[in-house]
Amino acid sequence: MQNKIVILQDSEQAISNLISVIEEISGFEIVGSSVDGEEGVKLIEKFQPDFVIVGVVLKSIDGFGVMEKVAIVSAKTQVIVVSSFTSESIITRALNSGAVYYIAKPFKPEIIKNRLIELSNKVDVVKNVNGIEKRKNTLDEKISKIFISVGIPPHIKGYYYLREGVKMAIETPEIINNITKQLYPKIGEKYKTTASKVERAIRHAIEVAFNRGRIETINSILGIRAYVGKEKPTNGEFIALIADKMLLEGA
């Protein structure tokens, strides 16, 4: 069964670029595209796509307006934002508006391919009190929202490595005791890089969060006053704390 996709971007060239990338993946069909948000909503309502790849800037209705409409006209549709905007406020607003991923331009084709394949294997639908089908947040989405809240931007490599580390720690808690020999190499293998680069990228991601002065937010999310002043957790400590939080919430 083909996964249907609608592409909404600010130019025909941007649409063409995405089409070229997606056509290389089996199991996905582009059913519509537009540079106009209002026309895009009509396409979404008509085709009920599995995915919408939307930009922030569009004609008629912007990307945020499109996301508001998606929740009404096609609750099963997953939204991926692809945009050149990299400000934290825009990214946070997009994720809070229902986007499952925010991919900043320019990006490597493998990123959009991997995200689509990953999400197509994780569709999880539940019914709300009105009997309307609504997709349940995936583990990736839950972790991503925590990272955005604490100030780890999704356009840096450490964001993805760190998220993978948290997922591994949830699935196999004892791996946190072998972070250097097991966790880093496994992440490196998945992303085709070295364990040392994984370690440095995760360290950078954590330092970005703490350098932005998000310590109170971090403590609030973790539910404990874990850090004060300029104190920073080790990579393993941070991964373990986020994993523990997710496990307590029934991840």
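Scroll up to find the structure this text is about.
Owing to the predicted nature of the structure, the values given are computational and were not obtained by experimental measurement.

> Would you explain the overall build of the protein chain in this entry?
From N to C terminus, the protein chain includes 11 helices and 7 strands. The buried share among the 251 residues of the protein chain stands at 48%. Across the protein chain, the fraction of contacts at a sequence separation of at least 24, relative to all contacts at a separation of at least 6, is 62%.

> Mind showing me how you'd approach the sheet that holds strand β3 (residues 51–54) here?
Strand pairing in a sheet relies on backbone hydrogen bonds. The paired strands run either parallel or antiparallel. Read across the sheet, 5 strands follow the order β2-β1-β3-β4-β5 without closing on themselves; strand pairing throughout is parallel. With partners counted over all chains shown, the strands left at the sheet margins are β2 (28–34) and β5 (99–104), one partner each. In this sheet, neighbouring strand axes are inclined to one another by 20° on average, regardless of whether the strands run parallel or antiparallel. Set on the sheet, helix α4 (residues 88–96) makes contact with β4 (78–83) and β5; between it and β5 the angle comes to about 155°.

> Which parts of the structure should I look at to understand a positive patch on the surface?
Side chains of K108, K157, K197 and R200 sit close together on the surface and give a patch of like positive charge. With respect to the helices and strands, the residue K157 is situated in helix α7 (residues 157–171).

> Explanation requested: the packing of aromatic side chains in the structure shown.
The geometry of an aromatic ring pair is captured by two quantities: the separation of the ring centres and the angle between the planes. Scanning all chains against the criterion turns up 4 aromatic pairs. Across from the ring centre of F64, 3.9 Å away, lies the NZ or CZ of R93, which sits over that ring. Stacked on the ring of Y101, the Lys or Arg R115 has its end atom at 5.2 Å from the ring centre.

> What is the right way to look at the pattern of salt bridges in this model?
This model, assessed by the stated rule, comprises 6 salt bridges. Across the pair R203 and E207 runs a salt bridge, and its minimum N-O distance is 3.5 Å. A residue pair is termed a helical-turn pair when its members lie 3 or 4 positions apart in one helix, as R203 and E207 do in helix α9 (residues 195–211) at 4 residues. When its relative accessible area of 23% is taken as the criterion, R203 is described as partly exposed. What makes E207 partly exposed here is its relative accessible area of 30%.

What counts and what doesn't
- Residues numbered from 1 in each chain as written.
- Predicted model: local features only at pLDDT ≥ 70, side-chain atom pairs only at ≥ 80, totals over all residues.
- Heavy atoms only, no water.
- Helix = DSSP H or I, 4+ residues; strand = E, 2+ residues; numbered from the N terminus.
- Buried < 20%, exposed > 50% of the residue type's maximum accessible area, 1.4 Å probe, protein only.
- Contact = heavy atoms within 4.5 Å.
- Pairing = 2+ DSSP bridges.
- Axes fitted to C-alpha atoms, helices over the stretch in contact; angles between N-to-C directions.
- Patch = residues over 30% accessible without salt bridge, like charges linked within 9 Å, V, L, I, M, F, W, Y side chains within 5 Å.
- Areas by Shrake-Rupley, 256 points an atom, 1.4 Å probe, with all protein chains shown as cover.
- Salt bridge = Lys/Arg side-chain N within 4 Å of Asp/Glu carboxyl O.
- Lys, Arg positive; Asp, Glu negative; His and termini not counted.
- Charge placed at Lys NZ, Arg CZ, Asp CG, Glu CD.
- Phe/Tyr/Trp six-rings, centres within 6.5 Å; stacked < 30°, edge-to-face > 60°.
- Lys NZ or Arg CZ within 6 Å of the ring centre and 35° of its normal.

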